[in-house]
Amino acid sequence: MIEKKNASPEMDNSAGEAASRAIRLRVNQVWHEFVLERDIEPTETLAYVLRERLGFTGLKVSCDEGACGACTVIMDGKAVLSCMTLAVEADGHDILTIEGLAEDDPVIVAFAEQCEPGYGTAMQCGYCTPGFVMTAKALLDANPTPTLDEVKEALSGNVCRCGCYTAVAQAVLHASEKISTRGGGAHG
Amino acid sequence: MGNPYRPRVPRKYIGGYRPRIDGYGKASGKVQFADDLTTRRSFPDMLYARVLKSPYPHARIKHMDTTAVEKLPGVRAILTYEDPEVKALKVTNAGWTDGVDILSYDRMMWYPMRDRRVIGDWARWVGDEVGLVVAADSETIAEEALRLAKIDWEVFPFVLDPIEAMKPEAPLVHPELRETNILPEDPVGGPDVFLKKGDVDKGFSEADVVAESQATVHNPNQGSLDNWCCVVEWKDGMLTVWSNSYEAQQTRMHMSQMLELPLSKVRVISSFVGGQFGRNDTGEQPFFLYTALLAKKTGRAVKFRQNNRESFLNSRQPAIYTARAGAKKDGTITSMAFKCIGNAGAYADQTMFALKFGPAEIAEVTLAHIPNVKMEAYGVYTNKLPACMMRGVGNSQFNLSFGQIVDVLAEKLDMDPIDLAIRNFGHEEEELPNKSLVEVLQEGARRIGWENRHKPGQGPVYQHVRKRGMGFSFHPGWHAEWQETRRGKIEVSFRLNPDGTVMLEAPTVETGSGSNTCNFLGCLEALSFLAIRPEDVHYSQVVDTETSLRDCVQTDSSVAYLQSEAMMVAAADLKRKICALAAPKLGVKPDELDIKEGDIFVTASPDKHMAVKALLWETDLGPIISTVSREPLDQMTGIPFIATFAEVEVDTDTGEVDVLKLVVLHDCGTVMHASGAEAQQLGGQVMGLGEALYEEIIYDEARGVPLNFNWIDYKIATMADFPPVEPALMEVWKGGGEYGACGIGESTLTCTPRAVLNAIYNAINVRVDELPVKPEKILKALGKI
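Bear in mind that the values here come from a model prediction, so they are computed numbers and not experimental data.

What to know about the overall build of chain B
Then, number 1: A tally of helices and strands in chain B yields 19 helices and 32 strands.
Then, number 2: Its C-alpha atoms put chain B at 85 × 75 × 50 Å along the principal axes.
Then, number 3: Every one of the 785 residues in chain B was classed for burial, and the buried ones make up 58%.
Then, number 4: Within chain B, counting contacts between residues at least 6 apart in sequence, those at least 24 apart form 81% of the total.

Here is the structure:
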């Protein structure tokens, strides 16, 4: 497989047929270019390309049919299911995976630290956690001070079989507090 | 804020409310699961295996033409039921062990039930792996290749219902093994009537009141997000397996015995697993074997990963229970009898364990004071997906019956069921009333507001059609140490470096239960005499059979304390070794020394002392190693009690049930990690409520085809469905050892369905006895449809 990492898609204008079939994904602020049917198949999902070809294994593929939310990434500011998005649909778009968040991102830190009495921890097995973190991130980017009901609504597309919903909701509210205190939750 | 529990013994680390040690790694996506460690990027040359699944509930492959399969570009190898290396594989089952021990082929627990051929020619349920596996450049190619096989099937009659399957004229699921679908006598759990104490008929005749009940558990699925997978490489006679199996040693044993390789030539590596919930208890899965054979055939790494639909490969053991109980007018129970019929599905695996183990255990530690008890159970083959374990071993199923008969009997006696429970139930180590049961039930009653409970159906009506009710159920807790002796050795090791840092080895595959955090805290607690700080401890959480001690199998939540108990022994040994090194320097004998807060001192004259760190730099500078390999303590201590209390609101027009509040109570002995334990108590309710109200595998009964092997049609609760749940941790009972804890993971949901069903009855005065209680069942019970 050939990958090209460029500062922008415009910088690479390989002539001919290949260019017309080029797929460019901007992942965590870095452009990756693929030639369709040479580097990737048209049927490949965004989840597959991110994980298997680019190594962004934070997102998980569990149900692979849009029912669990474990593969959630942020595309152009919105939470999307990368298993339900073809890589070709993401051509030219801006994608944020959990690897693109800052080490001290308030959502990550709030999920990691969640432990106060009565709520439990925000994860057990942790398989669904990156999906929840990215869904929460998209929510807080759009609405930095959500109510508990708004959190539940936004996160109700993600399944946590360990059942840490009470703590996850609490962690999102804590992340909201952290963002207010720090004055920003910009992408890392 | 909740109500934080008060620890019986305040400790520096164990028992605290604190984050998980893997919290940051998991929240940041950095923790690598098996699927993450085995991407195409990591194994560029890797092939992908897919297996043929039967479209028929019962059929045999008469002939298969694989010409087109082999011609498809990208297909690198195939194996069929006719290949010699496949035929050479011994007939097996997928449940060699009860999940905690290590067992060989000859000593597998249910040796009379060797009923599985690895990719054989006979299919016994829709979804059965049969006849053909393909290794190809991609999963897509492998899938396409399977579709190209031309198969001539011989289709047989099938049976799905266990009662039908018990009849002599029923189609036989395993005609090669048995002339009946009823499973043979169980070598582990005993005969069909597996428990007989006193004379139940005499006990019933002496009773003033006799109650009867019936309860049915269907087949909820474990629903782990981390689909089962393995990558196998077979190079230079050495087999290396990466997988999300939670039992590294037993996976090694399985592959070694089935592939006839020396144990030294099989290496199994496991790290984090995304939820287990009992699914992997049938760990001796055929896919490990055919993936290995494909790796041998191709000389390349081969990956097999089930998809979400294939993860519906087994379910909680279904059970149809009938119960009978008799009591004197004062509430003294004279006799109890339980009978269970369990649908084993197409393969026996651990069916008999679920049907007998859970009930036998509750009889031992809960019915010890009931003079007359009889229990019987029958496992029955059908052409449905196999049954297995799911967060417990038959305890949820039994509780659905047990908690019901207590409720029914109490009503007949005009007694509060809490009083009836306290009057009769406890383990043999203790006189009645059982202190743990009393405190758990009283605390639950206080928290739910039990004093406001009305008679069945006699509460106020809300919004013209909505009625409320309260119920509870109780059960013995999950295992104390004496109930874990069949595990064999528990192994841990400390390596104390000269700079005072510690390498902790406590191998166990972290499946989410939080035992890695408990082990980390247990290490800090055990080594507190060295003034160890969290940042001083390195804990490798990868289990590798080539380099690790024996892994403490993550089947059950007892791992939360088993290795920490062993660490107390290892810590004492380490202390002795340090004292032996210090003795000549301080001019005394080792037994005249003690160590506190990182300082070694002469007990009789504490002014003679030196810092441990100073001593360590004067040694040979190798780590001081203390390794412990010990059997679990067999001190009989009984087991504490647990309970769930529920308040529900039933819409009598739509049949919909809203759970208003759950209180989940666990007497834990010692809470090892409070935040983790509460996470279990809360989280278990996703499954508990799901099983009570909506989770169910649905079959097209006419064709024998499962209809909802996916998470759109199989309903799992999301955050929007989750009710208020109050976790209550308690420390009343204590087991053996330093902590005397018990597990709680399995038991967090054991009582939930029954508590909810008793509450529904209390609301509407009609019982629905079959899970899940969907709206149509309520409306039917109310006579509205």
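Examining the domain arrangement of chain A
Residues and elements named next belong to chain A.
Then, number 1: Assigned domains of chain A: these are domain 1 (4-99) and domain 2 (101-182).
Then, number 2: The C-alpha-based centres of domain 1 and domain 2 are spaced at 25 Å.
Then, number 3: Contact with domain 1, which involves 15 residues of that partner, is made by 14 residues of domain 2.
Then, number 4: Secondary-structure elements contributing two or more residues to the side of domain 1 that touches domain 2 are strand 4 (72-75) and strand 5 (78-81).
Then, number 5: Among the residues making up the side of domain 1 that touches domain 2, the classes are represented as eight nonpolar, five polar and two charged.

Some points on the pairing of strand 29 (residues 657-667) of chain B
Note on strand geometry: in a regular strand, side chains alternate between the two faces of the sheet.
Residue and element names in this part refer to chain B.
Then, number 1: Of all 11 residues making up strand 29, eight are buried, and the element is well covered by its neighbours.
Then, number 2: As defined by bridge partners, strand 28 (residues 641-651) adjoins strand 29 across nine bridges and the pair is classed as antiparallel. Bridging across to strand 29, alanine 643 finds its partner in leucine 665.

What to know about the pairing of strand 12 (residues 302-305) of chain B
Residues and elements named next belong to chain B.
Then, number 1: In strand 12, alternate side chains face the same way, and those of Val302 and Phe304 on one face and Lys303 and Arg305 on the other are all buried.
Then, number 2: Alignment of strand 1 (residues 47-53) against strand 12, held across two bridges, turns out to be parallel. In the strand pairing of strand 12, tyrosine 48 is matched with lysine 303.

So, the packing of helix 11 (residues 395-413) of chain B against helix 18 (residues 752-764) of chain B
All names here are of chain B.
Then, number 1: In the contact formed by helix 11 and helix 18, the axes pass within 8 Å of each other and the chain directions differ by 30°. Judged by the sense of rotation from one axis to the other, the crossing of helix 11 with helix 18 is right-handed. Contacts between helix 11 and helix 18 pair Ser396, Asn399, Leu400, Gly403, Gln404 and Asp407 from the former with Pro753, Arg754 and Asn758 from the latter.

Some words on the domain arrangement of chain B
Accessible area lost when the parts come together is the quantity often used to give the size of an interface.
Residues and elements named next belong to chain B.
Then, number 1: Segmentation of chain B into domains returns domain 1 (1-31 + 426-487 + 636-785), domain 2 (34-156 + 223-305), domain 3 (162-222 + 314-420) and domain 4 (489-630).
Then, number 2: The gap between the C-alpha centroids of domain 2 and domain 4 is 40 Å.
Then, number 3: The interface is formed by 18 residues belonging to domain 2 together with 16 residues belonging to domain 4.
Then, number 4: Where the side of domain 2 that touches domain 4 is concerned, the elements lending two or more residues are helix 8 (248-259) and strand 11 (266-270).

A few points about the interface of chain B and chain A
Then, number 1: In this assembly, 55 residues from chain B lie in contact with 50 residues from chain A.
Then, number 2: Secondary structure elements with two or more residues in the side of chain B that touches chain A: helix 1 (23-27), helix 17 (674-693) and strand 32 (725-730) of chain B.
Then, number 3: When its residues are assigned to classes, the side of chain B that touches chain A shows 21 nonpolar, 25 polar and nine charged.

Quick notes on the nonpolar core
Then, number 1: Within the largest apolar cluster, 309 residues are counted, with the highest numbers of intra-cluster contacts made by Val168 of chain A together with Ala49, Val134, Tyr290 and Ile760 of chain B.
Then, number 2: For this core, the leading source of residues is helix 15 (residues 559-586) of chain B, giving 12 residues.
Then, number 3: Not counting residues within four places of it along the chain, the set of residues in contact with alanine 49 of chain B comprises Val133, Val134, Ala135, Ala142, Tyr290, Thr291, Leu294, Val302, Lys303 and Phe304 of chain B.

Examining the environment of alanine 387 of chain B
Residues and elements named next belong to chain B.
Then, number 1: With respect to the helices and strands, the residue alanine 387 is situated in strand 17 (residues 387-388).
Then, number 2: Look at alanine 387 and you get buried, because 28 C-beta atoms sit within 10 Å.
Then, number 3: When the C-alpha atoms of alanine 387 and arginine 279 are compared, they prove to be 9.8 Å apart, with 108 residues separating the residues in sequence.
Then, number 4: With residues up to four places along the chain from it excluded, the contact list for alanine 387 reads Asn219, Asn314, Ser315, Gln317, Pro318, Gly342, Asn343, Ala344, Gly345, Thr351 and Ala354.

What counts, and where the lines are drawn
- Every chain is numbered independently, its residues counted from 1 as its sequence is written.
- Whichever chain is written first becomes A and whichever ligand is written first becomes 1, with later ones labelled in order.
- Side-chain atom pairs in this predicted model are given and counted only at pLDDT of 80 or more, local residue features only at pLDDT of at least 70, and totals for whole chains, interfaces and linings cover all residues.
- Segments assigned H or I by DSSP are reported as helices when at least four residues long, segments assigned E as strands when at least two residues long, and all are numbered from the N terminus.
- Here exposure depends only on C-beta density: within 10 Å of a residue's C-beta, 20 or more other C-beta atoms make it buried, 12 or fewer make it exposed, and intermediate numbers make it partly exposed, the C-beta atoms being placed from the backbone.
- Each residue gets a C-beta atom placed from its backbone, and two residues are in contact if those atoms lie within 7 Å.
- Where a domain begins and ends is set by an automatic assignment or by a domain database.
- Only Asp, Glu, Lys and Arg are considered charged in this grouping, and only Ala, Val, Leu, Ile, Met, Phe, Trp, Tyr, Cys and Pro are considered nonpolar; every other residue, Gly among them, is considered polar.
- A pair of strands counts as paired when DSSP detects no fewer than two bridges linking them.
- Here the axes come from fitting lines to C-alpha atoms, over the contacting stretch only for helices, and the angles between their N-to-C directions go from 0 to 180 degrees.
- Here a crossing is taken to be left-handed if its near helix is turned anticlockwise relative to the far helix by less than a right angle, and right-handed if that turn runs clockwise.
- Defined on buried residues, the nonpolar core groups Ala, Val, Leu, Ile, Met, Phe, Trp, Tyr and Cys residues joined through C-beta atoms within 7 Å.

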